[in-house]
Amino acid sequence: MQASRARLFKEYKEVQREKSVDPDIQLVCDDSNIFKWTALIKGPSETPYEGGVFQLAFAIPEQYPLLPPQVRFLTKIFHPNVHFKTGEICLDILKNAWSPAWTLQSVCRAIIALMAHPEPDSPLNCDSGNLLRSGDIRGYQSMARMYTRLAAMPKKG
Amino acid sequence: MESDYDTQDASDTESMEDDFYSEETVVRDGEDEGEDEGKYGFSDNESDDSDVIVSERLQQNYTVLDETDIRQRQEDDIRSLSMVLSTSRVHACLLLRHFNWSVSKVHEEWFADEESVRRAVGLLGKQVEMPNVAELLCGICFEVHPRTAMSSAACGHPFCDSCWRGYIGTAVTNGPGCLMLRCPDPSCSAAIGQDMIDMLAIDEDKQKYSHYLLRSFIENNRKTKWCPAPGCEFAIDFVMGSGSYDVSCNCSHSFCWNCTEEAHRPVECSTVAKWILKNSAESENMNWILANSKPCPKCKRPIEKNQGCMHITCTPPCKHEFCWLCLGSWIEHGERTGGFYACNRYEAAKEEGVYDESERRREMAKNSLERYTHYYERWATNQRSRQKALAQLHNIQTEKLEKLSKIQCQPESQLKFIIEAMLQVVECRRVLKWTYAYGYYLPEHEHAKRQFFEYLQGEAEAGLERLHQCAEKELRVYLEAEVPMKEFADFRVKLAGLTSVTRNYFQNLVQALESGLEDVGPNRQTNSSKSSSSKNISSKNSPGNSPKSSTTTNNFDNYWYCERCTFANPSSNQACEMCEHRRH
């Protein structure tokens, strides 16, 4: 408990210092609970998520960093490896390939990379996975872009 | 004890059994001085011997190992490998673990491509030291520590000792996967060996790790298995492809090497598995497991899918990747199976009715519940009788034999025939028990076989009752009062004779059942000596003609036992009265 708190505090300070360094990630710690974080990440360019801002929720276990944080999308997203309803993410480093040397920041980076390079072979969102795997890139992109517009962009007007 | 065997002598059997079991007070004694009756798979309990005990069984195709033996063998393998490859003990251990403790496999792979083996196992060519500065940053807690309070694997990535402790502790808690631990740095694959564990972990984790290492040596090795008896810590080293699967552990538990259920000759493993699944007292749990989980196609552990995609990766050390729908290997999946989500293989197979089969079987089982109850009751009754016979055996060994020895003025070594008779009873109960599972799965439409089988079973039952009666009731007379020497000698001859006749009968029964009752199959061959033997005993050795009647003469020495059908013939006969087999 104490070790995870100390480590999270380190990360908190690092985030404050690094804020300007990585403009695509904005990590915020809950005011009252250091084990709850949220992040805003920008959809990577040249993907259907470009221009969108996606919110992630982190629930951090007491054994962190020996155990991985639980992360899910709060913003609706159409992506083969993200559950369409719950926002659950299928990413190896959040499950069995976790290493305590990873940080919340590096998890965000890994998620951005996953957005740009979906893994249709292990789909959580089968519709999205099937579109990609059947080679219907346009179909996938337009669906993903539509949901980015609907859910991840500020409403016009 | 209610029994209702469908045999001609059902009533006979019943009354005897009542007498046998209702009056006997069972005295259990902690000390077990079981006779080692090798041939029949009973063994004693003298487990204080730490040496490797090569079982003196009919087929010496296995060895019982205790923890000291296992550690010794493991250590020998590690040491000899580290000499051959001139590498450290720790590296040899990691290599052996990786290749499932097969020394020859390590040799083969290592000398074929050392570089790729090193990569796969995580053995770096040379040690990289941590940066030589006074203070270093720990990659886990991000604190700065003096270099002396930090450690690294061969890769030189520094972490503080407290983080190491936590890292190892988490891995050990997660199970035997900790034997394949790597450096915490995500980009590094340097293996963490037992030396690091011993240096950095808390004592409890060190012990667990060492225990996992020991278990791995038995469990990942195809030639060894743990004895499945609860609390038993022996393992069995089995020589493949040699004779029967029945093994007998030093803890006195007999089991089948192949399926690790209790010894079950003459019934096949698959039948036993079906039967046990059926009997499972926790049938509710079983239903849940069947409905909600599937076994990993490789390691067979049940897996519950509670989230995620159809691409399942089993937990280490198995790590098998497969498709949840068709349970096929994930490697075979791709475009041609119709997408990763809707697995065509499953849909196609479903249409062909492959999966319907199990559904249909379940339905049928429901309908035949009554039939099942019939067989189950008899199976369970024999199971209980066997337990009681075992208890009686203990009682005789610990108490009665001494008493009898005093009353009849005979040395105990001369009374061994009583123990042999009881051991035979125990073994016969076991066989008889399994014949009920056999009968349950004997196809209904094979009338001839069913009839023949039930006849054999009935005879077996009657023969066993005869032996049991003699060993139990008649013995009691000699326990109570001194009788003339002659009478006791007659009793000895009778009991020893019954024991040997029953033993032969059951051996033939087991053989007949194992050969699938080929006598009455469509290709019946009456002249084949092996198959006809079982038929002959069964049809001729009926209670009326059996050696029971010879008790009137009270002398077995004047008889010879037919090799083929076990019938006791007067010594004047040159051929068997029953089957006309010539005397040898």
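Only a predicted model underlies this, so the values are computations on that prediction, with no experimental measurement involved. Each chain carries its own residue numbering, running from 1 in the direction its sequence is written. In the order they appear in the text, chains get letters beginning with A and ligands get numbers beginning with 1. Under the rules for a predicted model, residues below a pLDDT of 70 receive no local features and side-chain atom pairs below 80 are neither given nor counted, while totals for whole chains, interfaces and linings still include all residues. Side-chain numbers here rest on the full set of heavy atoms in the structure, without hydrogens or water.

**Let's talk about the overall build of chain B**
As a reminder of what qualifies: Here a helix means four or more residues in a row that DSSP labels H or I, a strand means two or more in a row labelled E, and each is numbered from the N terminus. The classification of residues rests on relative accessible area computed with a 1.4 Å probe and restricted to protein chains. Under 20% of the type maximum is buried, over 50% is exposed, and intermediate values are partly exposed. In this description, contact between two residues means that some pair of their heavy atoms is separated by no more than 4.5 Å.
A tally of helices and strands in chain B yields 17 helices and 16 strands. Looking at chain B residue by residue over its 584 residues, the buried ones come to 47%. Look at the contacts in chain B between residues 6 or more apart in sequence, and 55% of them connect residues 24 or more apart.

**Examining the overall build of chain A**
Test applied: Throughout, the Shrake-Rupley method with a 1.4 Å probe supplies accessible areas, and for residues the shown protein chains are the sole cover considered.
The helix and strand inventory of chain A stands at four helices and four strands. Tracing chain A from N to C terminus, the helices and strands come up as α-β-β-β-β-α-α-α. In chain A, buried positions account for 47% of the 157 residues. When contacts within chain A are restricted to residue pairs at least 6 apart in sequence, long-range pairs at least 24 apart make up 57% of them. For chain A, the computed accessible surface area is about 8,200 Å², with 53% contributed by carbon and sulfur atoms.

**Notes on helix α4 (residues 137-152) of chain A**
The line we're drawing: For a helix, the expected span equals 1.5 Å multiplied by the residue count minus one.
Helix length check: α4(A), at 16 residues, gives a terminal C-alpha distance of 21 Å against a target of 22 Å (1.5 Å per residue), a fit within 8%. Structurally, α4(A) contributes buried residues whose contacts are with β3 (53-59) and α3 (126-133) of chain A.

**Description of the interface of chain A and chain B**
The cut-off we apply is this: Once two parts are put together, the accessible area they lose, assessed with a 1.4 Å probe and summed over both, is termed the buried area. By definition here, a salt bridge exists when the distance from a side-chain nitrogen of Lys or Arg to a carboxyl oxygen of Asp or Glu is within 4 Å. Pairs of N or O atoms within 3.5 Å make up the polar contacts considered here, provided that, within protein, one atom can donate a hydrogen while the other can accept it, and that residues adjacent in sequence are counted only when both atoms are side-chain atoms. Following the grouping adopted for this structure description, the nonpolar residues are Ala, Val, Leu, Ile, Met, Phe, Trp, Tyr, Cys and Pro, the charged ones are Asp, Glu, Lys and Arg, and the polar ones are all others, Gly among them.
Taken together, the 23 residues of chain A in the interface contact 21 residues of chain B. Buried surface at the junction of chain A and chain B, summed over both partners, amounts to about 1,800 Å²; 63% is from carbon and sulfur atoms. By the criterion of area lost to chain B, the three top residues of chain A are A:K10, A:L66 and A:R133, representing 29% of everything that side buries. Inspection of the chain A/chain B interface yields one salt bridge. Of the charged contacts in the structure, one is a salt bridge between B:E143 and A:K10, with a shortest N-O distance of 3.4 Å. Inspection of the chain A/chain B interface yields three residue pairs in polar contact (both at pLDDT 80 or more). Those elements that provide at least two residues to the side of chain A that touches chain B are α1 (2-18) and α3 of chain A. Considering every element that reaches the side of chain A that touches chain B, the biggest residue donor is α1(A), with four residues. A breakdown of the residues in the side of chain A that touches chain B according to their chemical character gives twelve nonpolar, four polar and seven charged.

**Side note on the packing of helix α4 (residues 103-112) of chain B against helix α5 (residues 114-121) of chain B**
All names here are of chain B. Counted only if it meets this: Only the contacting stretch of a helix is used when fitting its axis, a line to C-alpha atoms as for every element, and angles between N-to-C directions run 0 to 180 degrees.
Look at α4 against α5: their axes get within 5 Å of each other, and the N-to-C directions meet at 115°. Note on element contacts: α5 touches α4 through E114, V117 and R118, opposite E109, W110 and A112. For the contact of α4 with α5, the per-class residue count stands at three nonpolar, no polar and three charged.

**Structural notes on the nonpolar core**
Residues and elements named next belong to chain B. Spelled out, the test is: Residues enter a nonpolar core if they are buried and are Ala, Val, Leu, Ile, Met, Phe, Trp, Tyr or Cys, with the set joined through side-chain atoms within 4.5 Å.
L95, C138, W164 and I168 are the most contacted members of the largest nonpolar core, which has 53 residues in total. Counting residues per element, the ones that place at least two in this core are α2 (67-84), α3 (89-98), α4, α5, β6 (159-160), α6 (161-173), α7 (194-200) and α8 (203-219). When neighbours within four sequence positions are excluded, L95 is seen to be in contact with L81, L85, V106, W110, V117, V121 and L123. Within the second largest apolar cluster, 52 residues are counted, among which are Y440, C470, L475 and L479.

**Considering the pattern of salt bridges**
All names here are of chain B. In this structure the tally under the stated criterion is 20 salt bridges over all chains. One salt bridge in this structure joins E67 and R71, with 3.3 Å as the shortest N-O distance. One end of the pair, E67, and the other, R71, are both in helix α2, four residues apart, so they sit about a helical turn from each other. Look at E67 and you get partly exposed, because its relative accessible area is 35%. Across the pair R89 and E75 runs a salt bridge, and its minimum N-O distance is 3.0 Å. Linking R89 in helix α3 with E75 in helix α2, this pair joins segments that are 14 residues apart in sequence.

**So, the UniProt feature "active site" (unreviewed entry) in chain A**
Selection rule: UniProt positions are given in the numbering used here, feature names are shortened, and annotations may be inferred rather than shown by experiment.
Look at the UniProt record and you will see "active site" (unreviewed entry) annotated at A:C90. Note on placement: A:C90 falls in the loop between β4 (70-73) and α2 (104-116).

**Describing the pairing of strand β8 (residues 235-238) of chain B**
All names here are of chain B. Going by this rule: Note on pairing: DSSP must find at least two bridges between two strands before they are called paired.
Neither face of β8 is open: one carries A235 and D237, the other I236 and F238, and all of them are buried. Note: strand β2 (residues 62-65) against β8, four bridges, orientation antiparallel. What sits directly across from V64, in β8, is I236. Across three bridges, the pairing between strand β7 (residues 224-226) and β8 is antiparallel.

**Here's the deal with the pairing of strand β1 (residues 25-29) of chain A**
Going residue by residue along β1(A), you find A:I25, A:L27 and A:C29 tucked away on one face and A:Q26 and A:V28 left uncovered on the opposite face. Here β1(A) hands over to strand β2 (residues 36-42) of chain A after six residues, the two strands then running antiparallel side by side.

**So, the packing of aromatic side chains**
Any two aromatic rings considered together are summarised by their centre-to-centre distance and by the angle between their planes. Cut-off, in case you're wondering: Aromatic pairs are defined between Phe, Tyr and Trp rings, using the six-membered ring for Trp, whenever the two ring centres lie within 6.5 Å; interplanar angles under 30 degrees are classed as stacked, those over 60 as edge-to-face, and all others as tilted. Counting as a charge over the ring demands two things of the Lys NZ or Arg CZ atom: a distance within 6 Å of the ring centre and an angle within 35 degrees of the ring normal.
As enumerated under the stated definition, the model contains 27 aromatic pairs over all chains in all. Ring centres of A:Y64 and A:W98 lie 6.1 Å apart, and the angle between their planes is 40°; on these two criteria the pair is classed as tilted. Separated by 34 residues along the polypeptide, A:Y64 in the loop between β3 and β4 and A:W98 in the loop between β4 and α2 bring together distant segments of the chain. The structure contains a cluster of three or more aromatic residues connected by ring pairs, namely B:W275, B:Y375, B:W379, B:W434, B:Y440 and B:Y441. Just above the ring of B:F142 sits the side chain of A:R7; from NZ or CZ to the centre is 4.3 Å. Above the ring of A:F84, the side-chain terminus of A:K76 is found at 4.2 Å from the ring centroid.

**Considering the sheet that holds β2(A)**
Residue and element names in this part refer to chain A. Strand order in this open sheet of four strands is β1-β2-β3-β4, and the pairing throughout is antiparallel. Of all strands in the sheet, those bounded by a partner on one side alone are β1 and β4. Ignoring which end each strand starts from, the neighbouring axes of this sheet average 20° apart. Inspection of the sheet shows β3 paired to β4 by four bridges, in the antiparallel sense. Across the sheet, residue A57 finds its bridge partner in β4, namely R72.

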